[in-house]
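Residue-level structure breakdown
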Amino acid sequence: MNLCDLAPEYIRAISPYQPGKPISELARELDMVEHSIIKLASNENPLGTSPLALEAMKRALDTVALYPDGSGFELKAALSQRYGVTSSQIVLGNGSNDVLELIARSFLAPGRQALFSEHAFAVYPLASLAAGADLCVVPALPADHPEQPLGHNLQAMAAQLNDRTAVVFIANPNNPTGTWCSPQVLEAFMRQVPAVTAVVLDEAYFEYMDAAIRPDSRAWLERFPNLIITRTFSKIHALAGL
């Protein structure tokens, strides 16, 4: 017997995620100097980490033998003050990927459905399948669309909502297409979603949007209690390695 055969069928059906090739591996293959290689596939911040963040890390090195505060009290307090939300509204994770997987495990199960767009972030189907959920992948806008080629078609996504839809994933902006949904279109979509369906607004690239197209999603939390917003320090703050 193979030990893997003991895993549920929906787990065994998942294809392993293929991460981008490490710079060190490419350097060995092509006999190149590592610092001469710029890796684009992982969307790592080319400006590097803030010197203030680096100094904070150095100060923390003396405490790495101790378990950290599992509740993240100080970080939650800082985020609460910055964004005008309560600490109880904040969930911390090892990158927003971790939070996306927590959402899937919390709200999805066999018989329930996850809804997302074609060409959306690869983690959505992986996390949903790991929870045993069914997938509803809605075709993206056509490649010749004048404004958002291959972007989310929220009107089509709304039409696919049903009583089994437990979670909707929306990446805004979307990775890998670089498209986005306007605040007006997003808000109109939220009004169509039943209160029993969680909507995950994945804003990993939020800070890269121009102010004119950036939604005030935080203000929607009071109006839409089924809304979950994910952000990350990995991209804009160049902390992917943490």
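Scroll up a little and you will see the structure.
Model, not experiment: these values are computed from the prediction.

Quick notes on the overall build of the protein chain
Per the secondary structure count, the protein chain includes 9 helices and 5 strands. Walking the protein chain from its N terminus toward its C terminus, one meets helices and strands in the order α-α-α-α-α-β-α-β-α-β-α-β-α-β. Over its C-alpha trace the protein chain gives a radius of gyration of 20 Å, about what one expects of a compact globule, namely 18 Å for 242 residues. Overall, the C-alpha framework of the protein chain stretches about 50 × 50 × 45 Å when taken along its three principal axes. Buried positions account for 33% of the 242 residues belonging to the protein chain. Pairs at least 24 apart in sequence give 61% of the contacts found in the protein chain among residues at least 6 apart. Total accessible area on the protein chain stands at roughly 15,200 Å², and carbon and sulfur atoms take up 57% of it.

Quick notes on the packing of aromatic side chains
Evaluated as defined, the whole model comprises 4 aromatic pairs. Above the face of the Phe-206 ring, Arg-231 is positioned so that its terminal group lies 3.9 Å from the ring centre.

Description of the pattern of salt bridges
If you walk through the whole model with that rule in mind, you get 5 salt bridges. Between Glu-55 and Lys-58 there is a salt bridge, with the nearest N and O atoms lying 3.5 Å from each other. Of this pair, Glu-55 and Lys-58 both sit in helix α3 (residues 51-60), 3 residues apart, which is roughly one turn of the helix. Owing to a relative accessible area of 53%, Lys-58 belongs among the exposed residues under this scheme. As a salt-bridge pair, Arg-231 and Glu-203 come within 2.7 Å of each other at their nearest N and O atoms. Remark: Glu-203 occurs in the loop between β4 (198-202) and α9 (217-220) and Arg-231 occurs in the segment after β5 (227-230); sequence separation between them is 28 residues. You can call Arg-231 partly exposed: its relative accessible area is 28%.

A few points about unusual backbone geometry
For the bond from Asn-172 to Pro-173, the omega torsion is 0 degrees, close enough to zero to count as cis. Asn-175 connects to Pro-176 through a cis peptide bond whose omega is 25 degrees. Tracing the backbone shows Pro-176 in the loop between β3 (165-171) and α8 (183-192). In the Ramachandran plot, His-119 falls in the positive-phi region, its phi being about 70 degrees despite a non-glycine side chain. You can see His-119 is positioned in the loop between β1 (113-117) and α6 (123-130).

A closer look at the environment of Lys-235
Here Lys-235 is to be found in the segment after β5. Overall, the relative accessible area of 16% leaves Lys-235 in the buried class. In the structure, Lys-235 is positioned 189 residues away from Pro-46 in sequence and 9.6 Å away in space, judged by C-alpha atoms. Apart from the residues lying within four places of it in its own chain, the contact partners of Lys-235 are Ser-42, Asn-43, Asn-45, Ala-204, Tyr-205 and Tyr-208.

Reading the values: the criteria
Residues numbered from 1 in each chain as written. Predicted model: local features only at pLDDT ≥ 70, side-chain atom pairs only at ≥ 80, totals over all residues. Heavy atoms only, no water. Helix = DSSP H or I, 4+ residues; strand = E, 2+ residues; numbered from the N terminus. Rg over C-alpha atoms; globule rule 2.2 N^0.38 Å. Buried < 20%, exposed > 50% of the residue type's maximum accessible area, 1.4 Å probe, protein only. Contact = heavy atoms within 4.5 Å. Areas by Shrake-Rupley, 256 points an atom, 1.4 Å probe, with all protein chains shown as cover. Phe/Tyr/Trp six-rings, centres within 6.5 Å; stacked < 30°, edge-to-face > 60°. Lys NZ or Arg CZ within 6 Å of the ring centre and 35° of its normal. Salt bridge = Lys/Arg side-chain N within 4 Å of Asp/Glu carboxyl O.

Without other data, these values stay purely geometric and don't point to any function.
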